[in-house]
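Report on the structure
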Amino acid sequence: MTDKARDRAGKRTKKNMTPFWVTFCTFLVLAAVVAGFLYAGDLIKENETDKEPETDIGQTTGKTDIEADDSELIFAVNRDLGTIDFLILCRLDSRKNRLRLSLIEPEMSYTMSASLYSELSTLNVRLPQNGRFGGLTGYCTEGTFDTGRKIAAEMLAVDVKHYSSFDSKVIDEFITVSGNAGERVLSLDVYPSQAKSAMYGTPGTMLGFVKILFTDTVESDRTTDDRLIYLEAFDALGDSDVITETVPVKKHNESTELDVSEWRRQQKH
């Protein structure tokens, strides 16, 4: 083949190859673009997965619901003698806007069920199945007030969630217990309107009153701040919304026991 023929053949080959290289390069560009989009999409998904879910402004997380009812058994203790002067069952019903204070005589006897006695006597072997509320400090070496809470809850057939004990001298600043054994009555020395007055440092709210009263506990299963979750319910109370009563008893020669039928009737009002 002559030199001219070779030149013409080479030019035809180059000319024929040009469309192939154009197509090939175009394919590479498109592949790179597609790969770029896929990679970017994966990054976006990873970022969205790592993000914490957004919440609306002002949305509260981890908030617990407040129960409508609160209850507590308060022990007034003579610390000099180590005896229980009296007990008060306090029950707050925020739905009915009512605070009920039920005085329990320390002379009142109790009888535990076999199951409760089995539970409580494991901690206090001297605890009798039949005894007096006023004798709890002598029967128990530990958990005296929680033991009393459980016994009272079973005997009165009410839910008693908490307990607190005070020196009787502290309680005497706010209430008066008068009368003879088995016939005592409870009256308030500080009404809600007074508790919300400026005399406790927080006019218009019971905040100051609650802090002053409950920072003086001898023993309790909750803090003052735990009680303040019910501050709105306390502040809603008027003087007529507080009911004071005495848990009814039957007196015998040497004992005083719960008058079950009268207690049930009383609780219907």
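Located above this text is the structure these notes cover.
Every chain's residues receive numbers from 1 upward, in the order its sequence appears when written. Under the rules for a predicted model, residues below a pLDDT of 70 receive no local features and side-chain atom pairs below 80 are neither given nor counted, while totals for whole chains, interfaces and linings still include all residues. Excluded from the side-chain calculations are hydrogens and water; all other atoms, namely the structure's heavy atoms, are used.

**So, the overall build of the protein chain**
Secondary structure follows DSSP: runs of H or I at least 4 residues long count as helices, runs of E at least 2 residues long count as strands, and numbering of each begins at the N terminus. Helix and strand content of the protein chain: 10 helices and 12 strands. Out of the 269 residues in the protein chain, the part that is buried amounts to 37%. Residues are treated as being in contact if the distance between any of their heavy atoms lies within 4.5 Å. Within the protein chain, contacts between residues at least 6 apart in sequence are counted, and of these 56% link residues at least 24 apart. All accessible-area figures derive from a Shrake-Rupley calculation using a 1.4 Å probe, and residue coverage is judged against the displayed protein chains alone. With an accessible surface of roughly 16700 Å², the protein chain has 54% of that area assigned to carbon and sulfur atoms. Only protein chains enter the accessibility calculation, which uses a 1.4 Å probe; a residue whose area is less than 20% of its type maximum is buried, one above 50% is exposed, and one in between is partly exposed.

**Remarks on the sheet that holds strand β6 (residues 162-167)**
Spatial ordering of the open sheet is given by β9-β6-β1-β2-β3-β10, a layout of six strands whose pairing is mixed. The open sheet has two edge strands, β9 (219-220) and β10 (242-246), and neither has a second partner. Relative to strand β2 (residues 83-93), strand β1 (residues 69-78) runs antiparallel, the two sharing 10 bridges. If you follow alanine 76 over to β2, its bridge partner there is phenylalanine 86. Against the sheet, helix α10 (residues 260-267) contacts β2, β3 (98-104) and β10, and its axis sits at roughly 170° relative to β10. Strands pair, by our definition, only if DSSP identifies at least two bridges between them. Only the stretch in contact is used when fitting a helix axis, every axis being a line fitted to C-alpha atoms; angles between N-to-C directions are given from 0 to 180 degrees.

**Describing the pattern of salt bridges**
Just to be clear on terms, a salt bridge is a Lys or Arg side-chain nitrogen sitting within 4 Å of an Asp or Glu carboxyl oxygen. Enumeration according to the criterion identifies 15 salt bridges in this entry. Between glutamate 107 and arginine 184 there is a salt bridge, with the nearest N and O atoms lying 3.1 Å from each other. Placement of glutamate 107 in the loop between β3 and β4 (109-111) and of arginine 184 in the loop between β7 (175-178) and β8 (185-188) is noted, with a sequence separation of 77 residues between them. Judged by its relative accessible area of 19%, arginine 184 falls in the buried class. A salt bridge links lysine 150 to aspartate 146, with the shortest nitrogen-to-oxygen separation between them at 3.8 Å. Of this pair, lysine 150 and aspartate 146 both sit in helix α4 (residues 144-156), separated by four residues, roughly a single helical turn. If you follow the salt bridges from partner to partner, you end up with Asp70, Glu72, Arg222 and Arg227 in one network.

**Here's the deal with the side chain of arginine 149**
The residue arginine 149 is located in helix α4 in this model. When its relative accessible area of 15% is taken as the criterion, arginine 149 is described as buried. When neighbours within four sequence positions are excluded, arginine 149 is seen to be in contact with Leu73, Phe75, Val160, Lys161, His162 and Tyr163.

**With respect to helix α2 (residues 114-121)**
Buried within α2 we find Leu116, Leu120 and Ser121. Buried residues along α2 cover an arc of 115° about the axis, so they all sit on one side. Across from the buried face of α2, at angles greater than 90 degrees, the exposed residues are Ala114 and Ser115. Considering only its buried residues, α2 is in contact with α4. It is the directions from the helix axis to the C-beta atoms that the arc portrays.

**A short note on the packing of aromatic side chains**
In summary, the pairing rule links any two rings of Phe, Tyr or Trp, Trp by its six-membered ring, whose centres are within 6.5 Å, and it sorts them by plane angle into stacked for under 30 degrees, edge-to-face for over 60 and tilted for everything else. The final tally for this structure, using the stated rule, is five aromatic pairs. When the centroid spacing of 5.2 Å and the interplanar angle of 80° are considered together, the rings of tyrosine 200 and phenylalanine 209 count as edge-to-face. Each member of the pair, tyrosine 200 together with phenylalanine 209, is buried. Taken together, Phe174, Tyr200 and Phe209 form an aromatic cluster joined through their ring pairs.

**Some details on the packing of α2 against α4**
One can describe the packing of α2 onto α4 by two numbers: an axis separation of 11 Å at closest approach and a directional angle of 180°. Relative to α4, α2 is oriented roughly antiparallel. Of α4, the residues touching α2 (which contributes Leu116, Glu119 and Leu120) are Thr147, Lys150, Ile151 and Glu154. Broken down by class, the residue content of the contact of α2 with α4 amounts to three nonpolar, one polar and three charged. Reported orientations rely on four angle classes, namely roughly parallel under 35 degrees, roughly antiparallel over 145, roughly perpendicular from 65 to 115, and oblique for the rest. The residue classification treats Ala, Val, Leu, Ile, Met, Phe, Trp, Tyr, Cys and Pro as nonpolar and Asp, Glu, Lys and Arg as charged. All others, Gly included, are polar.

**Remarks on the nonpolar core**
Ranked by size, the top nonpolar core spans 31 residues in total, and within it Ile88, Leu101, Phe174, Ile175 and Phe209 carry the most contacts. Among all residues touching phenylalanine 174, those that are not within four sequence positions of it are Leu188, Asp189, Val190, Tyr200, Phe209 and Leu213. Counting 29 residues, the second-largest nonpolar core is a separate cluster that includes Leu120, Val158, Val247 and Leu258. Residue types Ala, Val, Leu, Ile, Met, Phe, Trp, Tyr and Cys, when buried and joined through side-chain atoms within 4.5 Å, form a set referred to as a nonpolar core.

**Looking at the environment of serine 118**
Considering the arrangement of structural elements, one finds serine 118 in helix α2. Residue classification places serine 118 among the partly exposed positions, given a relative accessible area of 44%. Sequence separation between serine 118 and glutamine 129 is 11 residues; the distance between their C-alpha atoms is 9.1 Å.

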